Amino acid sequence: MLEIRRASVLYPARDKSEPVEALRNVELTIEPGEFVVALGASGCGKSTLLNLIAGFLAPSSGQIKLDGAPVTGPGQDRAVVFQKHALMPWMNVLDNLAFGLKLQGVAKAERYKVAREFLTVLGLEGFEDSPVYMLSGGMQQRVGIGRALTADPRILLMDEPLGALDALTRERAQELILKIWEAQGKSVFLITHSVEEALFMGSKLIVMSPRPGRITHRFDLPFSRRFLAGESARDVKASPEFIAMRETILGIIFADEEKAA
Ligand SMILES: Nc1ncnc2c1ncn2[C@@H]1O[C@H](COP(=O)(O)OP(=O)(O)OP(=O)(O)O)[C@@H](O)[C@H]1O
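Everything numeric in this text was worked out from a predicted model, so none of it was measured. Positions within a chain are numbered from 1, following the residues in the order the chain's sequence is written. Local features are withheld for residues below a pLDDT of 70 in this predicted model, meaning they are given only at 70 or higher, and side-chain atom pairs are given and counted only at 80 or more; totals for whole chains, interfaces and linings count all residues.

A. Representation of the nonpolar core. The nonpolar core criterion groups buried Ala, Val, Leu, Ile, Met, Phe, Trp, Tyr and Cys residues into a set whenever they are joined through C-beta atoms within 7 Å. Buried residues are those with 20 or more other C-beta atoms within 10 Å of their own C-beta, exposed residues have 12 or fewer, and partly exposed residues lie in between; C-beta atoms are placed from the backbone. By size, the foremost hydrophobic cluster in this structure holds 65 residues, and its most contacted members are Val37, Ile53, Leu156, Leu157 and Phe189. Note: domain ranges come from an automatic or database domain assignment. Looking at which domains feed residues into this core, each of domain 1 (2-77 + 154-260) and domain 2 (89-152) gives three or more.

B. Layout of the domain arrangement of the chain. As assigned here, the chain comprises domain 1 (2-77 + 154-260) and domain 2 (89-152). Put simply, the middle of domain 1 and the middle of domain 2, counted by C-alpha atoms, are 26 Å apart. Among the elements that make up the side of domain 1 that touches domain 2, the one with the highest residue count is helix 5 (residues 167-184) (6 residues). Side-chain classes are defined by residue name, with Ala, Val, Leu, Ile, Met, Phe, Trp, Tyr, Cys and Pro counting as nonpolar, Asp, Glu, Lys and Arg as charged, and the others, Gly among them, as polar. Counted by class, the side of domain 1 that touches domain 2 contains 9 nonpolar, 2 polar and 1 charged residues. Counting from the N terminus, the helices are the DSSP runs of H or I reaching at least four residues and the strands are the DSSP runs of E reaching at least two.

C. Geometry of unusual backbone geometry. The step from Arg211 to Pro212 runs through a cis peptide bond, and the omega angle for that step is -10°. Tracing the chain through its elements places Pro212 in the loop between strand 9 (204-209) and strand 10 (214-220). For Asn25, which is not glycine, the phi dihedral falls at a positive 50°. Among the structural elements, Asn25 can be located in strand 2 (residues 20-30). Residue Asp67 is not a glycine yet carries a positive backbone phi of 50°. Relative to the elements of secondary structure, Asp67 occurs in the loop between strand 4 (61-66) and strand 5 (69-70).

D. Just the packing of helix 2 (residues 93-103) against helix 3 (residues 108-121), in detail. Whenever a helix is involved, its axis is fitted only over the stretch in contact; in every case the axis is a line through C-alpha atoms, and angles between N-to-C directions fall within 0 to 180 degrees. Where helix 2 meets helix 3, the closest approach of the two axes is 8 Å, and the angle between their N-to-C directions is 130°. In terms of orientation, helix 2 lies oblique with respect to helix 3. You can see that helix 2 and helix 3 cross each other, and the crossing is right-handed. Counted together, Leu94, Leu97, Ala98, Leu101 and Lys102 of helix 2 and Arg111, Tyr112, Val114, Ala115 and Phe118 of helix 3 form the full contact between these two elements. An angle counts as roughly parallel when it lies under 35 degrees, as roughly antiparallel when it exceeds 145, as roughly perpendicular when it falls between 65 and 115, and as oblique in every other case. For any helix crossing, the convention is left-handed if the near helix is rotated counterclockwise from the far helix by under a right angle, and right-handed if that rotation is clockwise. A pair of residues counts as a contact when their C-beta atoms, built from backbone coordinates, are within 7 Å of each other.

E. Main features of the packing of helix 2 against helix 4 (residues 137-150). At their nearest, the axes of helix 2 and helix 4 sit 7 Å apart, and the two run at 35° to each other. Note on packing geometry: the crossing formed by helix 2 with helix 4 is right-handed. For the pair helix 2 and helix 4, contact is made by Val93, Asn96, Leu97, Phe99, Gly100 and Leu101 and by Val143, Gly146, Arg147 and Thr150, respectively.

F. Structural view of the sheet that holds strand 4. For two strands to be treated as a pair, DSSP must find at least two bridges joining them. Read across the open sheet, the 4 strands follow the order 2-1-4-5; overall the sheet is antiparallel. Bordering the open sheet on either side are strand 2 and strand 5, each of which pairs with just one other strand. Inspection of the sheet shows strand 1 (residues 2-11) paired to strand 2 by 7 bridges, in the antiparallel sense. Bridge pairing links Leu2 to Ile30 in strand 2. Packed onto the sheet, helix 1 (residues 46-54) meets strand 1, strand 2 and strand 4 and runs at close to 125° relative to strand 1.

G. Representation of helix 1. Along helix 1, 7 of the 9 residues are buried, which leaves the element largely enclosed by surrounding structure. Those residues of helix 1 not exposed but buried are Lys46, Thr48, Leu49, Leu50, Leu52, Ile53 and Ala54.

H. Region of the structure containing the site of the ligand. The rule is simple: place the C-beta atom from the backbone, and if it lies within 6 Å of a molecule or strand, the residue is near it. Every residue lining the ligand is accounted for by Tyr11, Val20, Ala22, Gly40, Ser42, Gly43, Cys44, Gly45, Lys46, Ser47, Thr48 and Gly213. Contributing elements (two or more residues each) for the shell around the ligand: strand 2 and helix 1. The residue makeup of the shell around the ligand, split by class, is 4 nonpolar, 7 polar and 1 charged.

I. A look at the pairing of strand 10. Relative to strand 10, strand 9 runs antiparallel, the two sharing 6 bridges. Within strand 10, the position partnered with Val207 by the bridge is His217. Hairpin connection from strand 9 to strand 10: 4 residues lie between these consecutive antiparallel strands, with Arg211 at a positive phi of about 50°.

J. Spatial organisation of the sheet that holds strand 6 (residues 78-82). If you walk across this open sheet you meet the 6 strands as 6-7-8-3-9-10, and the pairing is mixed. Each edge of the open sheet carries a strand with a single partner, namely strand 6 and strand 10. The mean angle between the axes of side-by-side strands here comes to 20°, regardless of whether they run parallel or antiparallel. Bridge count between strand 6 and strand 7 (residues 155-159): 5 bridges; the pairing is parallel. Looking across to strand 7, one finds that Ala79 is bridged to Leu156. Of the strands in this sheet, strand 3 (35-40), strand 9 and strand 10 are in contact with helix 9 (residues 240-260), which crosses strand 9 at around 15°.

Here it is, written out as structure tokens:
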């Protein structure tokens, strides 16, 4: 379980600019197997929150604990997927999938065994020998997600992972991530700018607001479970409950932006 208690982040003033209170008193618990999605206007502190969880950044005050132990820096128990995946474009798919394990010192036979398992999970069979630069954006992002997962992290952290994909590829990738989430039981923290993506994917939604960055609303969501129980993604997203929720969330975000303007 990941626990964030009264965490605040103040970025110091640079040149003539004022200090930025990027997060104020953030309280968040991510239970094992929970899929938490963060939504909110640009600059509300979503990436700052992800960086805290990843251990890339220390809070100015407050605490972050993973299974009771303070988070003091990055670790193998947390893996990050960015919009711009950090793949080795000249290396093939299999080598990219195995690369994180190599850095961890896992023996060659074992890391290629794990990498091959992920080829299947990611629907990339037949592409194991293709250099990554030759793949489509959607396939590259699947390799990026796979590489994060091969390390078997407790928590998968994703910052706008699907933002650069076209609409159809993005929907397919959402469905794939949900299926992997269900199969592997990982905790996930995902940042997105898409309200629809947030509602479809999350089991818990937090809505954040800027200046200072804080969590203003929390919702439990049923939609990913409906999809995983067999309802089609289209039916879920077109259902009256989904549309009503989408309007509620959009209302909250627009009201925040008007206040900030
Ligand atoms: N290293 C930094 N130094 C100073 N200010 C920063 C730094 N990083 C972020 N900020 C500021 O902190 C606030 C929160 O930034 P953050 O990137 O966490 O927001 P965000 O919600 O992820 O934004 P976006 O949706 O645009 O990615 C913003 O006002 C940003 O300008």
